[in-house]
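Next come the chains, spelled out residue by residue.
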Amino acid sequence: MRQPFSRFVFSTFSFIAALAFVAIYPSPMAAASKLKVVTATTDLAALAAEVGGEQISVESIARGYQDPHFVEAKPSFLLKLRQADLLIAVGLQLEIGWLPPLITQSGNPRIQVGAAGYLDASQFSEILEIPTGVITRAMGDVHPLGNPHYWLDPENGRRIARGIQLKFAEMRPDDATYFEQRFQSFAQRLTTAEKTWDEEMKSFHGSKVVTYHRSWPNFAKRFGLDVVGYVEPRPGIPPSPGHTVELIQMMRRENVKTILVEPYFDLKTPNSIARQTGAQVIVLMPSVGGEKEVTDYFKLFDYDITLLTRALKSAH
Amino acid sequence: MRKVFVIACILITPWVASAQESNDTQERLKALEERIRSLEAEVQSLKAAQATTQAPAAQATAPVAQTPTPPPEVQLPTAAPLTPSGPLPVYGGASAAAKALNPDVSVIGDFIGATGHNPVQSIPAFQMHESEVGLQAIIDPYARGDFFLTFGEQGVGLEEGYITFTSLPGGFVAKVGKMRSSFGVVNTLHNHVLSWIDRPLVTENLVGGEDGIDDAGISISRILPAPEGIFLEATGQVFRGDSGDVFTSSQRSDVSAVGRVRGYRDLTDSTNIDLGFSYARGHNDLGSAYRTELFGMDATFRWKPLRRAIYHNFLTRTELVWSRREQFPSIQRAFGFYTSSDYRLNRRWTVGGRYDQSDRARNASLTDSGFSGVLTYWPSEFSQIRGQYRYTRYADARDANEFLFQFLFVLGAHGAHPF
């Protein structure tokens, strides 16, 4: 009966058994003191840190200066995800190119879509630009569920923080009051900061700007900017000569003197547009960590509003 | 179960009742019937309500029900318009909400043209090489499903179709179905994510050609404990044993197996290395007594500056394959490899090259070699135009000079970016 098959099956299954053995060896489910949180972007990490404080550890997959549409699904992220108790995603298909395979490969049942450890922050936020009517890719890389750059309105930041707080409380009921207190403190500081930001932006209400990508609808709505055009002819489509010419004409006509560019886009086209229109290019941070000094959610708006008001002042 | 019991009761009751013939039992029967009807109606309305509320929840992915007391200011933008005010009747399930649970559908067209001369492996001037339909969805809280159907020149094939169990204990990820096996890197890749129009010579000669080791079976993988910062993953797979011209299963016990260990490390934020060792064994077309074994090594280096990821990146990869094929009169030990590099010049253009060399599996003394230069243009993320100059020197000193060109286009759901 010593068939090659039986030997073969033996070797195969001994391999699987070896795998199983290795599986038993580390036990990540030890009664860990801190809730392990992984977020898709740095902004969600910043908000989670505001609420979670000492009781959580948080890491972001994407960096603040990285295009969140084009993060690579690196295996090193799996090392973070496999240990995570909670994964917070931006949702609205922002991470569609890289987060789903990471979740699948993580081997972590806690953070699978629909599990208790998966939180889609978009459910808490006011979402703009939800397309109505016919949607096709002729419009570029449209997000059928709405614009995913929603964290750039502090009001949404507050709502997300609240959602995160409730999730933390659900996962760690013993620390619920701690999270509640931290949220209240965050909300208060945010209200104070919002007053300052509103004050600074007040005199620039209705200012016309051009942005590179459609990253700023929530920010613009909140602070009264009027986004009149985009450097990209369509979302996700690189600038074309024809569109650039039209944009320059429009900017001259409408007297637009400010171009906002995300840190991950090439400045060549915006600079050339600026030269021909006398406008100023400013690299605005869409996310925490985009620049070294932008270390938390407050500094994100501090940084952007300082840059913006300076540019708008000189344009006036 | 309860319903069956109730029905059984109804069926039995007349037997008992007939003896007594009382109006009393008749009335009770009626009451029971009424009750069944009302229960059925309740079940229907519950079903309807479930179908309509589940759909938006699936879109928003994190069910709201889990948050115990939602904050008053929280809005649920996607869920609101679809939720009905009360239970709905069910009309054959053809509601808009039912569509929300359809899988993500995508179609990828792969058109290939060729000019020049190839005396050994001639491909037509134009061909709609492959139309791949992808159907992907989360099945239930424990698994997801992926189907890739390919409509080629010869008919329809199932390139892959498998269930992935994502919620296994112990960090295991299991796949069951038909899948591209984890032997090396290029074997796992679909045509539309390759850096070239064709596949390397070593794949053609030693690893089963275009389809590669693609078979029905079971796969188990797990991330292994490793020093800080190193990703180590092991995969074990058992297949039926039929894969192109590499493995043939003449009887049920002729299964094949594939094992792979992969190590990965970030060198910096923008650079990383990826190493893999693979092993495959199975029976070949000469019968159950003849085995073919493959051993593979692969190394990849990637550079992608995070701030300019969409404009510039560089990837270089080498795969080595050793084949040991039992055949008459003597065992053939063949070796082959390719080494390839791609550089993204800007957002739309990528240039690349590949060097190929491979012995033939059935006659290892014959060695083919060649090289290719590739230029790719991306109008958008969803279409790609590629040209490839390919020179091949076949073992019997015959040369092939060809220019291949390809149009790739993607319809429907936005798939994952290749890594």
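Since the model is a prediction, treat every value here as computed from it, not as a measurement. (Residues numbered from 1 in each chain as written. Chains lettered and ligands numbered in written order. Predicted model: local features only at pLDDT ≥ 70, side-chain atom pairs only at ≥ 80, totals over all residues.)

## Details of the nonpolar core
A:Val37, A:Leu47, A:Ala48, A:Val51, A:Leu87 and A:Ile88 are the most contacted members of the largest nonpolar core, which totals 92 residues. For this core, the leading source of residues is helix H10 (residues 297-315) of chain A, giving eight residues. Non-local contacts of A:Ile88, meaning those with residues more than four positions away in its chain, are made with A:Val37, A:Thr39, A:Ala40, A:Leu44, A:Ala48, A:Leu119, A:Ala121 and A:Ile164. Judged by nonpolar contacts, the second largest core, of 21 residues, contains B:Val202, B:Val255, B:Ala257 and B:Ala280. (Core = buried A, V, L, I, M, F, W, Y, C linked by C-beta atoms within 7 Å. Buried ≥ 20, exposed ≤ 12 C-beta atoms within 10 Å, placed from the backbone. Helix = DSSP H or I, 4+ residues; strand = E, 2+ residues; numbered from the N terminus. Contact = placed C-beta atoms within 7 Å.)

## Brief notes about the sheet that holds strand S8 (residues 280-283) of chain A
Residues and elements named next belong to chain A. One open sheet holds the four strands; their spatial order is S6-S5-S7-S8, and the pairing between them is parallel. Where the open sheet ends on each side, the last strands, each with one partner, are strand S6 (226-230) and S8. Taken over all neighbouring pairs, the strand axes of this sheet differ in orientation by 35 degrees on average, direction set aside. With four bridges connecting them, strand S5 (residues 208-211) and S6 associate as parallel partners. In the sheet register, Val-210 faces S6, and the bridge partner there is Gly-229. Across the sheet, helix H8 (residues 241-254) touches S5 and S6, and the angle it forms with S6 is around 155 degrees. Lying on the sheet, H10 is in contact with strand S7 (258-261) and S8; it crosses S8 at an angle near 175 degrees. (Pairing = 2+ DSSP bridges. Axes fitted to C-alpha atoms, helices over the stretch in contact; angles between N-to-C directions.)

## So, unusual backbone geometry
For the peptide bond that leads from B:Phe328 to B:Pro329, omega is 0 degrees, which places it in the cis range. Residue position: B:Pro329 is located in the loop between strand S11 (313-325) and strand S12 (332-344). Unusually for a residue other than glycine, A:Gln93 sits at a positive phi of about 65 degrees. Assessed through the 19 C-beta atoms surrounding it within 10 Å, A:Gln93 is described here as partly exposed. The backbone of A:Asn255 shows a phi angle near 60 degrees, a positive value even though the residue is not glycine.

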